[in-house]
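Reading the structure
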Amino acid sequence: MAQAQTLDIAGLIDSRRVDAFNWSVIILSFFIILFDGYDISAIAFAGPLVARAWGVSNIGLFMGTVFGASLVGMLFGAPLIGYFGDRFGRKTATIVSSLFFGVLTLACCWATSLEQLRILRFFVGLGIGGMMPNLIALNAEFAQRRYRASMVIIMFCGVTLGGAVPGWIAISIVPHFGWQALFAVGGVLPIIMAIVAYFWLPESLKYLVVQGKRAAAARLVQRLAPGTPVSADTQFIIADEGRQSRSLSPHHLFKGGLAFITPLLWLCFATNLAGFYFMVSWTPTILKANNVLSPDAAALATTLIQIGGTVGGLLLARPMDSKGFLPVTVLFAVAVPSIAAIGYFATISQTGVLVAAFCSGFAVLGLQFGLNAASAMIYPTHIRSNGSGWAFGIGRFGSILGPIPGGYLVARHLPLWQLFLIWTIPSIVGLLAALALTLLYRVRFKGLGLGQREALEGGV
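Predicted, not measured: the structure shown is a model, and the values here were computed from it.

Looking only at helices and strands, the chain has 18 helices and two strands in total. For a compact globule of 460 residues, the expected C-alpha radius of gyration is about 23 Å, and the chain comes in at 22 Å, within 12% of that figure. Principal axes of the C-alpha set define a box for the chain whose edges measure 80 × 45 × 35 Å. Residue burial in the chain is summarised as follows: out of 460 residues, 59% are buried. Of the contacts formed within the chain by residues at least 6 apart in sequence, a portion of 82% connects residues at least 24 apart. The positive charge centre, built from 29 side chains, and the negative charge centre, built from 16, are 3 Å apart in the chain.

In this section: the confidence of the model for the chain. On average, residues of the chain score 82 in pLDDT, and 90% of them are at 70 or above. This stretch, residues 455-460, has a pLDDT under 50; its non-local contacts, to residues over four places away or in other chains, come to 18 contacts.

Inspection of every chain in the model, using the stated rule, returns zero disulfides. The structure places no disulfide on Cys-108, whose sulfur is separated from the nearest cysteine sulfur, that of Cys-109, by 7.3 Å. Here Cys-359 is not disulfide-linked; the sulfur of Cys-157 is the nearest cysteine sulfur, at 17 Å.

Counted at 1.5 Å a residue, the expected span for helix H5 (residues 114-142) with its 29 residues is 42 Å, and the 43 Å between its end C-alpha atoms agrees. Judged by how many residues are buried, H5 sits mostly within the fold: 22 of 29 residues are covered.

In this section: the pattern of salt bridges. A complete count under the given rule lists four salt bridges for this structure. Among the ionic pairs, Asp-19 bridges to Arg-16, the shortest N-O distance being 2.3 Å. For Asp-19, a relative accessible area of 28% translates into the label partly exposed. With relative accessibility at 7%, the residue Arg-16 sits in the buried group.

Membership of the largest hydrophobic core comes to 147 residues, with the highest contact counts inside it found for Ile-9, Leu-205, Phe-276 and Leu-293. Among the elements that make up this core, the one with the highest residue count is helix H2 (residues 20-53) (18 residues).

As a further point, take helix H18 (residues 425-444). With 20 residues, H18 should cover 28 Å at 1.5 Å per step; its first-to-last C-alpha distance of 29 Å lies within 8% of that length. Residues of H18 that are buried include every one of Pro-426, Ser-427, Gly-430, Ala-433, Ala-434, Leu-437, Thr-438 and Tyr-441, and no others. For H18, the angular spread of buried residues about the axis comes to 150°, placing them on one side. For H18, the exposed residues lying more than 90 degrees away from the buried face are Leu-432, Leu-439 and Val-443.

On to the side chain of Asp-39. You can see Asp-39 is positioned in helix H2. Here Asp-39 falls in the buried class, since its relative accessible area comes to 5%. Among the polar contacts made by the side chain of Asp-39, one reaches the side chain of Arg-121 at a distance of 2.7 Å. Setting aside residues no more than four positions away along its own chain, Asp-39 makes contact with Phe-101, Thr-105, Arg-121, Val-124 and Ile-128.

What follows concerns the packing of H2 against helix H4 (residues 90-107). The contact between H2 and H4 brings their axes to 11 Å, and the two run at 40°. For the pair H2 and H4, the crossing hand works out as left-handed. Two secondary-structure elements touch here, H2 through Ile-32, Phe-35 and Asp-39 and H4 through Thr-94, Ser-98, Phe-101 and Thr-105. The residue makeup of the contact of H2 with H4, split by class, is three nonpolar, three polar and one charged.

We now examine the environment of Thr-94. By secondary structure assignment, the location of Thr-94 is in helix H4. With 104 residues separating them in the primary sequence, Thr-94 and Tyr-198 have C-alpha atoms 9.3 Å apart.

Turning our eyes to something else, we now look at the packing of helix H6 (residues 148-172) against helix H14 (residues 350-377). At their nearest, the axes of H6 and H14 sit 9 Å apart, and the two run at 130° to each other. Between H6 and H14, the crossing angle belongs to the class labelled oblique. You can see that H6 and H14 cross each other, and the crossing is right-handed. Where H6 abuts H14, its residues Arg-148, Ala-149, Val-152, Ile-153, Phe-156, Cys-157 and Thr-160 lie against Leu-365, Phe-369, Gly-370, Asn-372, Ala-373 and Met-377.

Once that is clear, we can look at the packing of aromatic side chains. A full pass over the atoms with the stated rule returns 14 aromatic pairs. Residues Tyr-198 and Phe-199 carry aromatic rings whose centres are separated by 5.1 Å and whose planes lie at 90° to one another, so their mutual orientation is edge-to-face. Just as Tyr-198 is exposed, Phe-199 falls in that class too. By way of ring pairs, the aromatic residues Trp-54, Trp-179 and Phe-183 are connected into one cluster. Taking the ring centre of Phe-88 as reference, the NZ or CZ of Arg-87 above it sits at 5.7 Å.

Our focus in this paragraph is a nonpolar patch on the surface. On the surface, Val-18, Trp-23, Ile-27, Phe-31, Tyr-147 and Leu-161 cluster together into a nonpolar patch covering about 510 Å² of accessible area. In this structure, Trp-23 sits in helix H2. A relative accessible area of 40% places Trp-23 in the partly exposed class.

Rules behind the numbers
Each chain carries its own residue numbering, running from 1 in the direction its sequence is written. Given that this is a predicted model, residues contribute local features only at a pLDDT of at least 70 and side-chain atom pairs are listed and counted only at 80 or more, while totals for whole chains, interfaces and linings are drawn from all residues. Each side-chain value is worked out from all heavy atoms of the structure, with water and hydrogens disregarded. What counts as a helix is a DSSP run of H or I of at least four residues, what counts as a strand is a run of E of at least two, and both are numbered from the N terminus. C-alpha atoms define the radius of gyration in this analysis, and the globule rule sets the expected value at 2.2 Å times the number of residues to the power 0.38. Remark: exposure states derive from per-residue accessible area (1.4 Å probe, protein chains only) relative to the maximum for the residue type, with buried under 20%, exposed over 50%, and partly exposed in between. In this analysis, two residues are considered to be in contact whenever any of their non-hydrogen atoms come within 4.5 Å of each other. Only four residue types enter the charge count: Lys and Arg as positive, Asp and Glu as negative, with His and the chain ends excluded. Positions of charges follow a simple convention, taking NZ of Lys, CZ of Arg, CG of Asp or CD of Glu. Note: pLDDT gives the predictor's confidence per residue, expressed from 0 to 100. Pairs of cysteine sulfur atoms within 2.5 Å are what we label disulfides. The span you would expect from a helix comes to 1.5 Å times its residue count less one. Should a side-chain nitrogen of Lys or Arg be within 4 Å of a carboxyl oxygen of Asp or Glu, the pair is scored as a salt bridge. In these notes, a set of buried Ala, Val, Leu, Ile, Met, Phe, Trp, Tyr and Cys residues joined through side-chain atoms within 4.5 Å is what counts as a nonpolar core. This arc is built from the directions going out from the helix axis to the C-beta atoms. Contacts described as polar in this section are N or O atom pairs within 3.5 Å, which, within protein, must combine one atom able to donate a hydrogen with one able to accept it, while residues neighboring in sequence count only if both atoms come from side chains. To get an axis, a line is fitted to the C-alpha atoms, and for a helix only the part in contact is used. The angle between two axes follows their N-to-C directions and goes from 0 to 180 degrees. Should the near helix be turned anticlockwise from the far one by less than a right angle, the crossing is left-handed, and should it be turned clockwise, the crossing is right-handed. As a working rule, the residues Ala, Val, Leu, Ile, Met, Phe, Trp, Tyr, Cys and Pro are called nonpolar, Asp, Glu, Lys and Arg charged, and the rest polar, with Gly in that last group. Here the angle decides the label: under 35 degrees means roughly parallel, over 145 means roughly antiparallel, 65 to 115 means roughly perpendicular, and every other value means oblique. Within 6.5 Å between ring centres, the rings of Phe, Tyr and Trp (the latter by its six-membered ring) count as paired, and their orientation is classed by plane angle as stacked under 30 degrees, edge-to-face over 60, tilted in between. Put simply, a charge is over a ring when the Lys NZ or the Arg CZ is close to the ring centre, within 6 Å, and near the line of the ring normal, within 35 degrees. Only residues whose relative accessible area exceeds 30% and that take part in no salt bridge are eligible for patches, with like-charged residues grouped when within 9 Å of each other and nonpolar side chains (Val, Leu, Ile, Met, Phe, Trp, Tyr) grouped when within 5 Å. The Shrake-Rupley method, run with a 1.4 Å probe, gives the accessible areas here. Residue values count only the displayed protein chains as cover.

Have a look at this one:
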């Protein structure tokens, strides 16, 4: 009896050139995830406006609890919907997240109390939290191994573009339609993108194979590589992949040489997100309240943070493919003086503040792009969304530590140089964790870049 033909899906994907199919997935994901970045910045602009409209006197407490509510939602949404993506598909999870997030954000337009806004923002966070790990996993699974970090990072640049949009809306539209305009835009467009994703976003081929959905996998193979011989007896395999994980437990993430790499990755996520969320949540308010920058210049500072992050992420992409975690460590080192410089220049030079904002975004947001890519690349398909989800979920502890204690520190009216100097502490801790992570990764995977690691015999 003739032996059944086998087709290695991982090999098929890696042997392809980057083509229109790859770019269509990246571009669709780019515009879907754009609204994650939009929401982070939009609440920073909407918070003070809502507080003023409702006559709230303690703006620090108000904004800290509003910011914190969505971040707590992300804390649960990332691992929960990340696991949902491993069980029911990256595409399905992305559509559910985008719809959920859009509807609840739109509902914020009709909030009339702090309690209502906190509840809505918590559920918004659930949707946002589940969007990232599934889109990262989807793009990683369609990307050729040698370009995997680059493609995930390019897709994730949608976050920075989204983060730059609310500043323009706050200046040009909010004066005519009120703070509700920020939530209206942030609610309607994700709903539209969920509909677009339903019709045009493909499901992960590797996921379909792991799930045993052979007919759908065969159709997608023909889209990826027309003319590939696929018969009724063809068996689809993924080299070095395990079976589907049916547990939300993260214990699978500590196997195959990852026992120490996974917790160090989590620590890098938590510390960096603490610094990032403090920056984007409080920097515009702090600089305006202390008359360091005009409202328009404060909006420009937020935009420069996002632009700097885009530049940093793009410059990080190819080095991560070839050098592993070393570029992340370098950007952690750059983040420390960049954050401190915002406070230092606050009383000296507006231009210095804007340059420091750009450099901080370059380091802090740029290296977050790298960490996001790494969370998808070190785990196999059957636990990839779950692995990214847990990294984002644990990271949300750091993101909560950004805005909430930040509000407490702001309320104490510390000198700006001291306030921003204190906020270099998370980056210092992250730098130490990244150094250890780089050394462990180098020993375990023989110095290979993230795009080369799967070439090791046995893989993870």
